[in-house]
Amino acid sequence: MTSFSRIVLPVATGTVVLTLLAGCSTSGTDSAGPSPSAPVTASASEAGTASAAPSETPTTPEEPSASPTATEAAGHNDADVSFAKMMIPHHLQAIDMAGLARTQAGDQWIRDLAAKIVDAQDPEIRTIKGWLDGWGEEPHPRDHAMPGMLSEAEIGKLAKADGSAFDRLFVTMMIKHHQGAIKMAEEERASGAFAEATALADTIVTTQAAEIKEMKAYLAKLK
C-alpha cells in the first residue's frame, strides 16, 4: 500500500503543475490585450442598395406655363378692340391725303412728309388688321365718327387745291388729323390691356406729336 501511494502522488502532482503552467501561459496572452482588428465595411451590394434608396421628400411638379398665343388671346379688352377698329379707317384717310400730296403739293417738303406718313402708317394698318382677325372683329367703316377725321367736304376741298394753296391746306388738315390720332392713342394707353396695342399707341403719340411740331413750324414760315 505504501509503495503505491508514493508512485501515484508524484504523477498527480506533475499533472497539476502542468495544468497550472498552461493556465499561466493563457492568462499572460490575455493580459497583452486583443490585437486590433480591421475596420468593418459594408459590402458593395449593401452600399449600392443604400445609395439607391429613394428620397422620402415628395417633389412638387412645376406648373405648366401658358403659351404666348393663349396669353395674348386672353390679354385684350374692349379698349383695345375699339382702338384697333378706329385706327384702321383713321390711318387710311391719312394715306389718302398723302396720295394727293404726291401730285398736287407745290413744296417738296410736303411730298417728303406725305411719304413719311405712308411709310409709317401702312405697316401699322396691316398689323392692326392682324389683331382684329385674331379677335374675330372688323374695322369701323370709313365714315365712322372719330377724333380728327375729315368730312367728305373737307377731303373734296383738298382734292381740288393745288400748289402752295394745297400745301397750306394739307398741313392744316393733317395737324387736325394727327391730333385726333393722338387722342385715341392716349385713351388706349390709359385703358388698353393688349401689350402690342399699347406699344403702338406709344409710337403713334411720339411720332405724330413730332410731325405736328414740324408742320406748325412750316405754317409759321408761310405767314
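The structure this text deals with has already been given above.
What counts and what doesn't
- Residues numbered from 1 in each chain as written.
- Predicted model: local features only at pLDDT ≥ 70, side-chain atom pairs only at ≥ 80, totals over all residues.
- Heavy atoms only, no water.
- Core = buried A, V, L, I, M, F, W, Y, C linked by side-chain atoms within 4.5 Å.
- Buried < 20%, exposed > 50% of the residue type's maximum accessible area, 1.4 Å probe, protein only.
- Helix = DSSP H or I, 4+ residues; strand = E, 2+ residues; numbered from the N terminus.
- Contact = heavy atoms within 4.5 Å.
- 1 Å grid on protein atoms, 1.4 Å probe; cavity = no way out; pocket = protein on both sides within 12 Å on 5 of 7 lines; lining within 4 Å.
- Points joined across faces, edges and corners; volume = space filled by probe spheres on them.
- Nonpolar A, V, L, I, M, F, W, Y, C, P; charged D, E, K, R; others polar.
- Axes fitted to C-alpha atoms, helices over the stretch in contact; angles between N-to-C directions.
- Parallel < 35°, antiparallel > 145°, perpendicular 65-115°, else oblique.
- Left-handed = near helix turned anticlockwise from the far one by under 90°.
- Salt bridge = Lys/Arg side-chain N within 4 Å of Asp/Glu carboxyl O.
- Phe/Tyr/Trp six-rings, centres within 6.5 Å; stacked < 30°, edge-to-face > 60°.
- Polar contact = N/O pair within 3.5 Å; in protein donor to acceptor, adjacent residues only side chain to side chain.

**Focus on the nonpolar core**
Soluble globular proteins tend to bury their nonpolar side chains together.
Okay, so step 1: In this structure, Phe83, Ile110, Trp131, Phe166, Phe170 and Val171 are the most contacted members of the largest nonpolar core, which totals 48 residues.
Okay, so step 2: Elements supplying a minimum of two residues to this core: helix H4 (78-104), helix H5 (108-135), helix H7 (163-191) and helix H8 (195-222).
Okay, so step 3: Setting aside chain neighbours within four positions, we find Phe166 in contact with Met97, Leu100, Ala101, Gln104, Ala105, Ile110, Leu158 and Ala161.

**Overview of empty space enclosed by the protein**
Okay, so step 1: Within the structure shown, the criterion is met by one cavity of 30 Å³ or more.
Okay, so step 2: Its boundaries defined by the atoms lining it, the largest cavity holds a volume of some 50 Å³.
Okay, so step 3: Forming the walls of the largest cavity are Ile117, Ala120, Gln121, Glu124, Thr203, Ile204, Thr207, Gln208 and Glu211.
Okay, so step 4: Within the residue set of the lining of the largest cavity, elements represented by two or more residues are H5 and H8.
Okay, so step 5: Examining the composition of the lining of the largest cavity, we find that five residues originate from one element, H8, more than from any other.
Okay, so step 6: Taken together, the residues that form the lining of the largest cavity break down as three nonpolar, four polar and two charged.

**Comments concerning the side chain of His178**
Okay, so step 1: The topology assignment puts His178 in helix H7.
Okay, so step 2: Given a relative accessible area of 0%, His178 falls into the buried group.
Okay, so step 3: When neighbours within four sequence positions are excluded, His178 is seen to be in contact with Ile117, Gln121, Gln208, Glu211, Ile212 and Met215.

**Some thoughts on the packing of H4 against H7**
Okay, so step 1: Between H4 and H7, whose axes approach to 10 Å, the crossing angle comes to 165°. Here H7 runs roughly antiparallel to H4, going by the angle between their axes. For the crossing formed where H4 meets H7, the hand is left-handed.

**Describing the pattern of salt bridges**
Okay, so step 1: Enumeration according to the criterion identifies seven salt bridges in this entry.
Okay, so step 2: With a shortest N-O distance of 3.7 Å, Glu137 and Lys85 are connected by a salt bridge. With Glu137 in the loop between H5 and helix H6 (152-160) and Lys85 in helix H4, this pair connects stretches of sequence that are 52 residues apart.
Okay, so step 3: We classify Glu137 as partly exposed; its relative accessible area is 27%.
Okay, so step 4: Note that Asp202 is salt-bridged to Arg189, the shortest N-O span being 3.1 Å.

**Side note on the layout of surface pockets**
Okay, so step 1: The calculated volume of the largest pocket comes to roughly 210 Å³.
Okay, so step 2: What lines the largest pocket is Gln93, Asp96, Arg142, Asp143, His144, Met149, Leu150, Ser151, Glu152 and Ile155.

**Some details on the packing of aromatic side chains**
Okay, so step 1: The final tally for this structure, using the stated rule, is five aromatic pairs.
Okay, so step 2: Measuring from centroid to centroid gives 5.4 Å for Trp131 and Phe194, while their planes differ by 80°, and the two rings are edge-to-face. Placement of the pair is Trp131 in helix H5 and Phe194 in the loop between H7 and H8, with a sequence separation of 63 residues. Judged on exposure class, the residue Trp131 and its partner Phe194 are both buried.
Okay, so step 3: What links up through ring pairs into an aromatic cluster is the set Trp131, Trp135 and Phe194.

**Description of the packing of H4 against H5**
Okay, so step 1: With their axes 8 Å apart at the nearest point, H4 and H5 run at an angle of 150° to one another. One way to sum up the angle between H4 and H5 is to call them roughly antiparallel. When you trace H4 past H5, the crossing you get is left-handed.
Okay, so step 2: Grouping the constituent residues of the contact of H4 with H5 by class yields 18 nonpolar, two polar and seven charged.

**What to know about the environment of Asp167**
Okay, so step 1: For Asp167, the position within the fold is in helix H7.
Okay, so step 2: A relative accessible area of 4% means that Asp167 is categorised as buried.
Okay, so step 3: In sequence terms Asp167 and Ile110 are 57 residues apart; their C-alpha atoms lie 6.5 Å from each other.
Okay, so step 4: Dropping the residues within four chain positions of it, Asp167 is found in contact with Ala105, Gly106, Asp107, Ile110 and Tyr218.
Okay, so step 5: Looking at Asp167, its side chain comes within polar contact range of the main-chain nitrogen of Asp107, at 3.0 Å.

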